[in-house]
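Coordinate inspection notes
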Amino acid sequence: MTTHVTLERMITFLLQTPMFEKLDPAEIKQLVHIIEVREFRAGEVLFKEGDPGDAWYALYRGKVDVIKDVGAGEKEIYPLDAGACFGEIAILDGQPRSATIKAIEDSIALRISREAFEALLDQDHTVAFKLLRHLAVTLAQSARSTTERLSELVLDAEAGQVQQEVTQIVDASFLRD
């Protein structure tokens, strides 16, 4: 599987991808110089949970699975389609990967290394700051969504606990023969 991604196609793709859509073409041109095109066969692992967080990706073509180690094995969390970005937290903190990404089908990903992105920041490129802002907003939305879901789970658990305690009280209150 050798697919050539032309500069024109890459720029068009980036301008249509939510992570990059607010950048103007001149800023996109700055960015394409640090992007590496990576190809992955179906079943190939792009990175494993625990690997160094050295880059982030935009899925140009194909489909990948986000997989989490759950102790006794792995659990497929959700699939990502073309246009999705993943691994972006690595740009911010450089911590080990929190999940495994595996190609479901032959895929092409655009890779931005943490080192290259930091060089853009060090050189005060506007594109880097715009992307950081977008990352911050995306992570804030994710945190809010996670908090909301956790609150729902806590309420569900509390309701279950209350129901269990009421049942125990009712069971204990019946007269026994």
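Further up the page is the structure itself.
Residues numbered from 1 in each chain as written. Predicted model: local features only at pLDDT ≥ 70, side-chain atom pairs only at ≥ 80, totals over all residues. Heavy atoms only, no water.

**Things to note about the pattern of salt bridges**
Evaluated as defined, the whole model comprises nine salt bridges. Across the pair Arg111 and Asp54 runs a salt bridge, and its minimum N-O distance is 3.1 Å. Of this pair, Arg111 sits in strand β8 (residues 107-113) while Asp54 sits in the loop between β2 (45-47) and β3 (55-61), placing them 57 residues apart in sequence. Looking at Asp54, the relative accessible area reads 37%, which means it is partly exposed. Ionic pairing is found between Arg114 and Glu118, a salt bridge with its closest N-O pair at 3.4 Å. (Salt bridge = Lys/Arg side-chain N within 4 Å of Asp/Glu carboxyl O. Helix = DSSP H or I, 4+ residues; strand = E, 2+ residues; numbered from the N terminus. Buried < 20%, exposed > 50% of the residue type's maximum accessible area, 1.4 Å probe, protein only.)

**Considerations on the sheet that holds strand β7 (residues 100-103)**
The strand order across the open sheet formed by four strands is β2-β7-β4-β5, and the pairing between neighbours is antiparallel. Of all the strands in the sheet, the pair left with one neighbour each is β2 and β5 (74-81). On average, each strand axis in the sheet is tilted by 30° relative to the strand beside it, whichever way the strands run. Summarising the sheet, strand β4 (residues 63-69) and β5 pair through seven bridges and their orientation is antiparallel. Pairing of Asp69 across the sheet is with Glu74, part of β5. (Pairing = 2+ DSSP bridges. Axes fitted to C-alpha atoms, helices over the stretch in contact; angles between N-to-C directions.)

**Points about the packing of aromatic side chains**
Applying the stated criterion across every chain yields a total of five aromatic pairs. For the pair Phe13 and Tyr60, a centre-to-centre distance of 5.1 Å together with 65° between the ring planes defines the contact as edge-to-face. Note that Phe13 is positioned in helix α1 (residues 7-15) and Tyr60 in strand β3, a separation of 47 residues in sequence. Taken as a pair, Phe13 and Tyr60 share a single burial class, namely buried. Taken together, the aromatic side chains of Phe47, Tyr57 and Phe86 make up a single cluster linked through ring pairs. Directly above the aromatic system of Phe47 lies the positively charged group of Arg97, at a separation of 3.8 Å from the ring centroid. (Phe/Tyr/Trp six-rings, centres within 6.5 Å; stacked < 30°, edge-to-face > 60°. Lys NZ or Arg CZ within 6 Å of the ring centre and 35° of its normal.)

**Side note on the sheet that holds strand β6 (residues 85-86)**
Sheets are built from strands paired through backbone hydrogen bonds, the pairs being either parallel or antiparallel. Taking strand neighbours across the sheet as the criterion, the four strands line up as β1-β8-β3-β6 in an open arrangement whose pairing is antiparallel. Here the strands that pair on one side only, and so sit at the sheet edges, are β1 (35-40) and β6. Here α1 sits on the sheet in contact with β1, β3 and β8, set at roughly 105° to β3. (Contact = heavy atoms within 4.5 Å.)

**Some details on the nonpolar core**
Residues Leu14, Phe20, Leu31, Trp56, Leu110, Ile112 and Leu131 are the most contacted members of the largest nonpolar core, which totals 28 residues. When contributions to this core are tallied by element, the ones reaching two or more residues are α1, α2 (25-32), β3, β8, α4 (114-122) and α5 (126-173). With residues near it in sequence (within four places) discarded, Leu31 still touches Phe20, Leu23, Ile112, Leu120 and Leu131. Judged by nonpolar contacts, the second largest core, of 15 residues, contains Tyr57, Ala84, Ile101 and Ala109. (Core = buried A, V, L, I, M, F, W, Y, C linked by side-chain atoms within 4.5 Å.)

Take it as geometry only, folks, not as evidence of what the structure does.
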